[in-house]
Amino acid sequence: MTKRLRDEELDRHPGGGGAVHPPVAEKRPVTSTWHGVTRTDDYAWLRAGNWQQVMREPDVLPADIRAYLEAENAYTEAALAGVADLREQLFAEMRGRIKEDDSSVPAPDGPYAYGIRYTHGAEHPMLVRTPRGGGEEEILLDANRLAEGKAYFHLGGTAHSPDHRYLAYASDEKGSEYYEIRIRDLATGEDLDDVIPTTTGVPVWAADSRTLFYVWVDDNHRPAKVFRHEVGAGTEDVLVHADTNPGYFLGVGKTQSDRYILIDSHDHETSESRVLEADDPAGRPRLVAERRPAEKYSVEHSGDLFYILTNGGDAEDYRIVTAPVETPDRDHWRDLVPHSLGRLILDITAYKDFLVRLEREGGLPRIVIRHLATGEEHAIAFDEEAYSLGMAGSLEFDTATMRFTYSSMTTPGRVYDYDMATRSRVLRKQDEVPSGHDPADYVTRRVFAEAPDGETVPVSLLYRRDTPIDGTAPCLLYGYGAYGITIPASFSTTRLSLVDRGFVYAIAHIRGGKDKGFHWYADGRREKKVNTFTDFIAAGRHLVAEGFAAPDGIVGWGGSAGGLLIGAVANMAPDLFAGLIAEVPFVDTLDTMLDDTLPLTPPEWPEWGNPITSEADFRTIAAYSPYDNVAARDYPAILALAGLTDPRVTYWEPAKWVAKLRATGTGDRLLLLKTNMDAGHGGAAGRFDRLKETALATAFALQVTGRTG
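Given the structure is predicted, the values throughout are model-derived calculations rather than measurements.

Novice: Sorry, what's going on with the overall build of the protein here?
Specialist: Counting its secondary structure elements, the protein contains 13 helices and 38 strands. When the backbone C-alpha atoms are referred to their principal axes, the protein occupies close to 70 × 55 × 50 Å. The buried share of the protein, reckoned over its 709 residues, is 59%. For the protein, long-range pairs separated by at least 24 residues make up 57% of all intrachain contacts whose partners lie at least 6 apart in sequence. Measuring between centres, the 76 positive side-chain charges of the protein sit 2 Å from its 109 negative side-chain charges.

Novice: Help me understand the packing of helix α2 (residues 63–79) against helix α12 (residues 652–664), please; the structure alone is not making it clear to me.
Specialist: Two quantities define a packed helix pair, namely the angle between the axes and the distance from one axis to the other. Between α2 and α12, the shortest axis-to-axis distance is 12 Å and the interhelical angle comes to 65°. Put simply, α2 runs roughly perpendicular to α12. Once α2 is placed against α12, the crossing between them reads as left-handed. Contacts between α2 and α12 pair Y68, L69, E72 and Y75 from the former with A655, V658, A659 and R662 from the latter. Each residue belonging to the contact of α2 with α12 can be placed in one class, and the counts come to 6 nonpolar, no polar and 2 charged.

Novice: Quick question: what am I supposed to make of the pairing of strand β9 (residues 179–185) here?
Specialist: Remember that side chains alternate between the two faces of the sheet whenever the strand is regular. Most of β9 sits inside the fold, with 5 of its 7 residues counted as buried. Direction of pairing for strand β8 (residues 166–172) relative to β9: antiparallel, over a ladder of 6 bridges. Looking across to β9, one finds that Y169 is bridged to R182. Between β8 and β9, which pair antiparallel in sequence order, lie 6 residues; one of them, G175, sits at a positive phi of approximately 85°. The hairpin turn running from β9 into strand β10 (residues 190–199), its antiparallel successor, is 4 residues long, and G189 in that turn takes a positive phi close to 75°.

Novice: How should unusual backbone geometry be read in this particular structure?
Specialist: Peptide bonds are mostly trans, and most non-glycine residues show a negative phi. Its identity as a non-glycine residue notwithstanding, H35 has a phi of 50°, on the positive side. Mapping H35 onto the fold places it in the loop between β1 (30–34) and β2 (37–41). The phi angle at E177 is positive, at roughly 65°, despite the residue not being glycine. Residue classification places E177 among the buried residues on the basis of a relative accessible area of 16%.

Novice: What should I look at first to understand the side chain of R360 in this one?
Specialist: Following the sequence through the fold, R360 ends up in strand β24 (residues 354–361). Lacking a salt bridge, the buried R360 has D515 as its closest oppositely charged neighbour, with an N-O distance of 5.7 Å. A polar contact is formed between the side chain of R360 and the side chain of T486, at a distance of 3.3 Å. Among the polar contacts listed, one links the side chain of R360 to the backbone oxygen of K514, at a separation of 3.4 Å.

Novice: Before we go on, may I ask you to explain the pairing of strand β6 (residues 138–142) in this structure?
Specialist: In terms of strand pairing, strand β5 (residues 126–131) meets β6 through 4 bridges, oriented antiparallel. Paired with L127 across the two strands is L141, which belongs to β6. Hairpin connection from β5 to β6: 6 residues lie between these consecutive antiparallel strands, with G134 at a positive phi of about 105°.

Novice: I tried to follow the packing of aromatic side chains on my own but got confused; where do I start?
Specialist: How two aromatic rings sit relative to each other is given by the distance of their centres and the angle of their planes. Applying the stated criterion to the full structure yields 21 aromatic pairs. Ring geometry for Y260 against F306: centres 5.0 Å apart, planes inclined by 65°, an arrangement best described as edge-to-face. You can see Y260 sitting in strand β16 (residues 260–266) and its partner F306 sitting in strand β20 (residues 305–310), a full 46 residues away along the chain. Classification of F306 by relative accessible area gives buried; the value is 0%. Both rings, one in F404 and one in Y418, keep their centres 6.4 Å apart while their planes meet at 65°; by these two values the pair is edge-to-face. Note that F404 is positioned in strand β28 (residues 401–407) and Y418 in strand β29 (residues 414–419), a separation of 14 residues in sequence. With relative accessibility at 0%, the residue F404 sits in the buried group.

Novice: Looking at this structure, how should I read the nonpolar core?
Specialist: Within soluble globular proteins, side chains that are nonpolar generally end up buried alongside one another. In this structure, L69, L543 and W657 are the most contacted members of the largest nonpolar core, which totals 125 residues. Setting aside its immediate chain neighbours within four residues, L69 contacts L61, L644, Y651, A655, L673, T675 and M677. Membership of the second largest hydrophobic core comes to 16 residues, among which are I367, I369, L389 and Y406.

Novice: Looking at this structure, how should I read the pattern of salt bridges?
Specialist: Between side chains of opposite charge, pairing is possible as soon as their charged atoms come close. Under the criterion given, the structure shown has 53 salt bridges. Salt-bridge contacts for K656 lead to D588; the nearest nitrogen and oxygen are separated by 2.6 Å. Of this pair, K656 sits in helix α12 while D588 sits in the loop between β36 (579–583) and α9 (589–593); the two residues are 68 residues apart in sequence, bridging distant segments of the chain. Overall, D588 belongs to the buried group, its relative accessible area being 1%. One continuous salt-bridge network, built from bridges that share partners, spans R343, R357, E359, E361, R366, R370 and E377.

Novice: So what exactly am I meant to see when it comes to the sheet that holds strand β31 (residues 442–450) here?
Specialist: Hydrogen bonds between backbone groups are what pair the strands of a sheet, and the pairing can be parallel or antiparallel. If you trace the 8 strands from one edge of the open sheet to the other, you get β31-β32-β34-β33-β35-β36-β37-β38, paired in mixed fashion. Edge strands, defined here as strands with exactly one partner in the open sheet, are β31 and β38 (671–676). The average undirected angle you get between the axes of adjacent strands in this sheet is 20°. Across 4 bridges, strand β33 (residues 475–478) lies against strand β34 (residues 504–508) in parallel orientation. Following the sheet pairing, Y478 is matched in β34 by I507.

Novice: Where do I start with the sheet that holds strand β3 (residues 107–109) in this structure?
Specialist: Spatial strand order, β3-β4-β5-β6: 4 strands in an open sheet with antiparallel pairing. Looking at strand neighbours, the two that pair on one side only are β3 and β6, the edges of this open sheet. Recorded for the sheet is a direction-independent mean angle of 25° between the axes of neighbouring strands.

Novice: Before we go on, may I ask you to explain empty space enclosed by the protein in this structure?
Specialist: In this approach a probe as big as a water molecule rolls over the atoms, and the regions it shows empty are the leftover space. Counted according to the given criterion, the structure contains 1 cavity of 30 Å³ or more. Lining the largest cavity we find Y480, G481, I485, T486, I487, A508, H509, I510, G513 and D515. Here the lining of the largest cavity is composed, by residue class, of 5 nonpolar, 4 polar and 1 charged.

Novice: Sorry, what's going on with the packing of helix α7 (residues 530–545) against helix α8 (residues 561–572) here?
Specialist: Contact geometry for α7 and α8: axes closest at 10 Å, N-to-C directions at 70°. Judged by the inter-axis angle, α7 sits roughly perpendicular to α8. Judged by the sense of rotation from one axis to the other, the crossing of α7 with α8 is right-handed. Contacts from V530, T532, F533, T534, F536 and I537 in α7 reach L564, L565, I566, A568, V569 and M572 in α8.

Quick notes on the rules
Residues numbered from 1 in each chain as written. Predicted model: local features only at pLDDT ≥ 70, side-chain atom pairs only at ≥ 80, totals over all residues. Heavy atoms only, no water. Helix = DSSP H or I, 4+ residues; strand = E, 2+ residues; numbered from the N terminus. Buried < 20%, exposed > 50% of the residue type's maximum accessible area, 1.4 Å probe, protein only. Contact = heavy atoms within 4.5 Å. Lys, Arg positive; Asp, Glu negative; His and termini not counted. Charge placed at Lys NZ, Arg CZ, Asp CG, Glu CD. Axes fitted to C-alpha atoms, helices over the stretch in contact; angles between N-to-C directions. Parallel < 35°, antiparallel > 145°, perpendicular 65-115°, else oblique. Left-handed = near helix turned anticlockwise from the far one by under 90°. Nonpolar A, V, L, I, M, F, W, Y, C, P; charged D, E, K, R; others polar. Pairing = 2+ DSSP bridges. Salt bridge = Lys/Arg side-chain N within 4 Å of Asp/Glu carboxyl O. Polar contact = N/O pair within 3.5 Å; in protein donor to acceptor, adjacent residues only side chain to side chain. Phe/Tyr/Trp six-rings, centres within 6.5 Å; stacked < 30°, edge-to-face > 60°. Core = buried A, V, L, I, M, F, W, Y, C linked by side-chain atoms within 4.5 Å. 1 Å grid on protein atoms, 1.4 Å probe; cavity = no way out; pocket = protein on both sides within 12 Å on 5 of 7 lines; lining within 4 Å. Points joined across faces, edges and corners; volume = space filled by probe spheres on them.

That's the geometry; what it means functionally is another story.
If you want it as C-alpha cells, here you go:
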C-alpha cells in the first residue's frame, strides 16, 4: 500500500498546496458539577448562545464560531487537495449510475395516477399525475423551480386533497427542518395565500378537501401541537391537540381507509393515539388507549374494527390485536396475530379485505398477507442470503393490489405490484444503472462475528467476485445501532465505487437495532449501550481473522447515532481502524443529555438515560461519551461531517470533538472537520449535491487505505 498522508506532511506534500496548518481552537474553560463530579469543557464556546435563531437564520452565527468552522473547512479542502481529481472521478462515477430522467411507478387514486419524475440534470423532483385511463401528463409541482436561487431547498411532505383539487406541499429552505406548508390550486397551478410556517412538513387532509391538519414545531424544535387549518378562510388555525410533556413528540397521519385522522404522541418507548373521523374535522379526537410506560402501539382500520400493532401485554416482538371502533381501549383488545418470540412484526397496513404485515425472523424480512374474512395467510419472501424488503403502500383502500420493494446488496431495487387475491406479482420497475451493472460480478454474504459476551453479530458483505479474500483487501465497515433501526442489506450505487476498487463493504448489524428481534435493541441501549460498540469492534476483528479485511485496512463509517458509535470505537479500539468517517456524529453525548433546552434531549432520555436526575445514568454515559473520553492516544485518521442548521445533532458536537482530538491526541494522522454551512442533518438536499458529499467521504476512505492510485 502507498504511505498514508498525515497532518504533519501537509506542509510539504504536493497535494497540500503549500504551508497548511490545522486550525487550533481557542480554549475557554467552562466548569460544571453534576452528582459530585466537576467537569471542564474547553470548547463550550462553540455552542452559539443564539443557536435557536441560527437554525432559522444561519447568517447570525457569531463571527468567532463562523471563523473557526470556515478555517476547518479550508483545512479539509487543503488536506484533500491531493485527491481532488479522484473526488471528481468518483462523483462522475456515482452520477453515471443514476438514471437522470427517472420516474416512480404511478400510484392510482380515483381518476388519476400520481407519481414523481426527474428530468436530466435536475436536482429535485417534479410531482405529476395522469388520467387513470390514459392521457396527457400534468405537472403539479416542479421542485426545481421552487429551489431556484436558494443555497438549500428540500421538498417535504406532499398530499393531494380527496377531491383532487388542491396540493398541499411543505418545504425547508434552511436545512433546520422547520417546514412551511403551502397549498396549490391544481386547476390554476397557482399557490393560494395560505402559508403555514414552522411545521413538521406533513400535511394531512380531512375528507371535505377544505381542512388540513398539521403539527407545529416549537422553538426547541419539538413537534408540540396539532392544528386544524381551513383552506382560504383567513381565520386563525384551531388547536386540536397539545402534549405538554417535553419528552413527547406529536405526529399526525391517516388510516389507509382514509376514514380516520390519527394523532400520535410518543417518545422512543411509549406511545398513545387519538382518532378523529375524517368527515368530521371539527370533532373531538378520541383516545384509543392511554399511554403506559414502555408500551407502544399504532393503529390501522378496516370495517368496524381497528387493527393495532403493539408490544403491550409482554409482547416483546409485537402482536396484532383488534378492537371495535366504538370501544378501542385495552379492555376490548383481542389477539389476531399473537406474539411469537423471535418473529418481530415491524409494520401493518389494512385494506378492505386484507391485512398486510412486514415482519422479520432469523434476521430476514418477509411480507405476510392475511385475508380478513377467512384468516388465511401466505407470505412473500426471497432466497438470497441477505436482502431488503419493504411495503410501498397504496393510495387506495378498496383494492386487492399492494406494492412492495425488493433489493439486495447485489441486486438493484425492484418494485412489484402484488395481487393479494390471486397471489400473482408483476414487476413494475427495476432500477437501472446507466453506466452498467452485472450482479453476477459481485458476491453478497452474511457472516457472524462473536461478541465478547458470546452473542453472534450478523454482518452483511458485498465484494467483487474477483476480490481476493486473503486478508489483503481494504474494508468499509458501516454501523448504526440505535433506536431499534435496522440497516437493510439493500442495493446502493455509491458503494460500488469502493467495491470496484477492491474494497469489501460490510454492514455490521449490531445491537441497538432490531435485526434479531426486540431484545437486540434492548441489549444495545441505556445501561447496555456499550454492547453496540463492542459488537462493532468484534465485527471488525472477525473480518480480519477470516481474511475479509486487511489488518491495517478497515475504515469505519456511521452517521448521527452511528456517529456516536464511530466516536466511541475511536476511543476503545483505535488500533483496529485505518480511518473513521463520522457523519453528523452524536459525540458530545453527555453534555447534550444534560441540557434539557436542546431540541431532542427530553425525548432522548428513554433511549440513553437521564443523567440530570440519575447518577447511574450520568456515570454510564460519561464512561462512553466520545467527547468526554478523548485521551492522549494515537487515533486513526478521522473525517467528521456536520451541518450548521442541524436540529438533531447540533453542529457544535463534531466541532468540539475535533477541537479536543486535535489538542489531545498523540498521533499525526489526518483529522478533518467539514461543516456544510447551508444544510442540516441530511446534508445537501439535491440528489447530485449529495453525491459530492459522498464522493468526498469515499475519497477519504481510499486515501487513508492507500488505494488512490
